[in-house]
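# Summary of structural features
Here are the chains, one letter per residue:
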Amino acid sequence: MKVVFPFSFLLCCFFLLLLDSSTALPLCLHLERPFTINTTIGFCPYNGSTCCHSTEDEGIQKQFQLMNASDPGCASILKSILCARCDPFSAELFTVQSTPRSVPVLCNSTIPGNSSQSKAAVQDFCSEVWDTCQAVSIINSPFSPSLQGQAGGTPGNNANATKLTELWQSKTDFCNAFGGASNSESVCFEGEPVELNNTQTPMNTPHGLCLEKVGSEPYLNMVAHPDGSNRAFFSSQMGKVWLAIIPDEGSGGQLELDVSSPFVDLTDQVYSDTQLGMMGMAFHPNFTNNGRFFASFNCDKDQWSGCNGVCSCNSNVDCDPSKIGNENGVQPCQYQAVIAEYTANGTASPPSSLSAKPVEVRRIFTMGLPFISQHGGQILFGPNDGYLYFMMGDGGGSGDPYNFAQNKKSLLGKIMRLDINNIPSASEISKLGLWGSYSIPKDNPFSEDKDLQPEIWALGLRNPWRCSFDSERPSYFFCADAGQDLYEEVDLITKGGNYGWRVYEGPYLFTPTESPGGNTSLNSINPIPPISGYNHSEVNKNEESASVTGGYVYRSRTDPCMYGRYLYTDLYAGAIWTAIEDPQNSGNFSTTRIPFSCAHDSPIQCDSVPGSSLPALGYIYSFGEDNNKGVYILASTGVYRVARPSRCNYTCSLEKATTTPPSSPNPSHSSCCSKFFSGYLFLHLSSFLLLYIDFV
């Protein structure tokens, strides 16, 4: 198978961010995912999962030696504190409210059973540090008040001070600066590697997923209106976008939209075919004020003069288009991937804007595609950083023959992260070799890996088909990646993460049939395994063909037994899975295949699969999420919404204890702000039948 905000709005969001607490997730200091080593590194006592290679370990050892702490007890404590940079939770330990720290958060109180850490009571390690080291001379002490960004020390502020008693007035001041508590949403350091509780409240496993059909048209994309209202945009593969009003769940209502009157019609620019078309759309977080929105689509340079990007097969990646040959009569890079910016009409009063002109404001990105298939194309804005994320497949061909996904100089098989708010000049674009009008976020992974193209956020993907951020824990970035012969996977995306293709297909080693672009050795990469997935034979035993469709972490109150579970499915609509972190905050997920059916009182009657109790969804192309966090399935037979389980006679013990979500609020700055930034975590879409399928 191949298948810019007003000040009052910013102030509102700033305070909401401060009020929402972080949730611990294994992440290293630069927000990379921890990696696994087979032996303990030389100096720091970490094995298995860690954030330190041998070079970092050696650097920590040298730093420790230079401190020249004479007391053995204090020296042991200092070593553990310095080595905490290797802890899988080091990003959490060394960052508080987005502010970097010189030392980890030191546990400073005895915590009862709500601690997220393994011990029933986390000890007062901060006091232990003070009591043991207060009178010990520590050269280049990491406990300097200036390093912590706070005032401290005794009168006179001796610049040559080396002892804690010279740097800080008291234990209380010291622990106010360096201490912190462990609770259900954060961790602290107590002198040894962080371990989370392996026990938790029993989960209410859902008995099934209930759906109601609210629309009869097939769509490829759904994006909630940024104004926080009960409206959403739906788009077709052909390039039309509609603005719809969404009815309340259980009201008996259907989507309200006029098919004959689209919000915008981009069909003159979009080239649509079985695997080509308008692949994504995104609306600026401040769309209600600036009217900016973006479309990701494919074009044909033989049919449209605006389709004029550089070919992704070029000398920079050791690829010669003349040697590829045509595919079904199509020349290499005849089809291109485009991100274009547009504006809504009536931006003086944008919330009432019901249409937009198909006039391109700015070309964000254009790149020629070597083959016909596997182009990804989804775009979305990061909820924390406001940058545009662009999901790009490996460009096609059986087994990624040119090894684009692992080539750090190629943008194929990658997730990109672009700044579309800071627009460079034409000379800057040319000088930097950019693919369009965007800037590079300074904290993209290239800042740590100079071999990477600066646009790249993550690599080693075959065809990422639908990604999403968890609305309550935005650092959890899920992407479903379509496989080739054996396996469909779901990945948890982290900065600079390598997800293995084409060295691996999911958990399996992959052997390409041809390698004109060379190979990547197994030992040269540290691939991140999928958190969930399935074999092709599980969903299509006859043809063993499959294609994963990624969804959302369910955060609506409509089905409380589904809450917190990541939903995903397969193109062939024969199965739906949920993945849930178990235990919570561990980065480990357990997967369950769940039954699903259609509500007997569905607004639009659902057909059934002949000889089966399953609703006839046809082919599932995508998922959507509204401003109440309701989740939708976009299928070839229409639009389906997750409904209350009792409407399908599924039992959920929590259903009666919850209330129906309130009617959608009117558009306002406050609702927009709360919808987009709740659950803030530290630092940072005619014919669809063969949309994902690429026969080998």
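Notes on the structure follow. (Residues numbered from 1 in each chain as written. Predicted model: local features only at pLDDT ≥ 70, side-chain atom pairs only at ≥ 80, totals over all residues. Heavy atoms only, no water.)

## Remarks on the state of the cysteines
On inspection of all chains with the given rule, the structure shows 13 disulfides. Sulfur-sulfur distance for the disulfide between Cys 52 and Cys 86 comes to 2.1 Å. Across the disulfide from Cys 52 to Cys 86, rotation about the S-S bond amounts to roughly -90 degrees, and the bridge is consequently left-handed. With Cys 52 in the loop between strand E2 (48-50) and helix H2 (54-67) and Cys 86 in the loop between helix H3 (72-83) and helix H4 (90-93), this pair connects stretches of sequence that are 34 residues apart. Cys 52 sits in the buried class, given a relative accessible area of 3%. Covalent S-S linkage joins Cys 561 and Cys 652, the inter-sulfur distance amounting to 2.1 Å. Judged by the torsion about the S-S bond (95 degrees), the Cys 561/Cys 652 disulfide is right-handed. Within this pair, whereas Cys 561 is found in the loop between strand E27 (548-553) and strand E28 (566-570), its partner Cys 652 is found in the loop between strand E34 (638-642) and helix H11 (669-677), the two being separated by 91 residues in sequence. Judged by its relative accessible area of 8%, Cys 652 falls in the buried class. (Disulfide = S-S within 2.5 Å. Helix = DSSP H or I, 4+ residues; strand = E, 2+ residues; numbered from the N terminus. Buried < 20%, exposed > 50% of the residue type's maximum accessible area, 1.4 Å probe, protein only.)

## Thoughts on the sheet that holds strand E20 (residues 456-459)
Remark on secondary structure: sheet strands pair via backbone hydrogen bonds, oriented parallel or antiparallel. Spatially, the 4 strands line up as an open sheet ordered E17-E18-E19-E20, and their pairing is antiparallel. Of all the strands in the sheet, just strand E17 (379-381) and E20 have a single pairing partner and so form its edges. Strand-to-strand, the axes of this sheet are offset by a mean angle of 20 degrees, without reference to chain direction. Examined bridge by bridge, strand E19 (residues 414-418) and E20 share 3 bridges and lie antiparallel to one another. Across the sheet, the residue bridging to Met 416 is Ile 456, located in E20. (Pairing = 2+ DSSP bridges. Axes fitted to C-alpha atoms, helices over the stretch in contact; angles between N-to-C directions.)

## Some details on the packing of aromatic side chains
As enumerated under the stated definition, the model contains 40 aromatic pairs in all. Both rings, one in Tyr 389 and one in Phe 477, keep their centres 5.4 Å apart while their planes meet at 75 degrees; by these two values the pair is edge-to-face. Placement of the pair is Tyr 389 in strand E18 (residues 388-392) and Phe 477 in strand E22 (residues 477-481), with a sequence separation of 88 residues. Residue classification places Tyr 389 among the buried positions, given a relative accessible area of 3%. Under the relative-accessibility criterion, Phe 477 is labelled buried at 2%. For the ring pair Phe 469 and Phe 477, a centre distance of 4.1 Å and an interplane angle of 10 degrees mean the geometry is stacked. Each member of the pair, Phe 469 as well as Phe 477, carries the same accessibility label: buried. An aromatic cluster is built from Tyr 476, Phe 478, Tyr 534, Tyr 566, Tyr 568, Trp 577 and Phe 589, whose rings are joined through pairwise contacts. Over the aromatic face of Tyr 476 sits the side chain of Arg 473, whose NZ or CZ is 3.9 Å from the ring centroid. (Phe/Tyr/Trp six-rings, centres within 6.5 Å; stacked < 30°, edge-to-face > 60°. Lys NZ or Arg CZ within 6 Å of the ring centre and 35° of its normal.)

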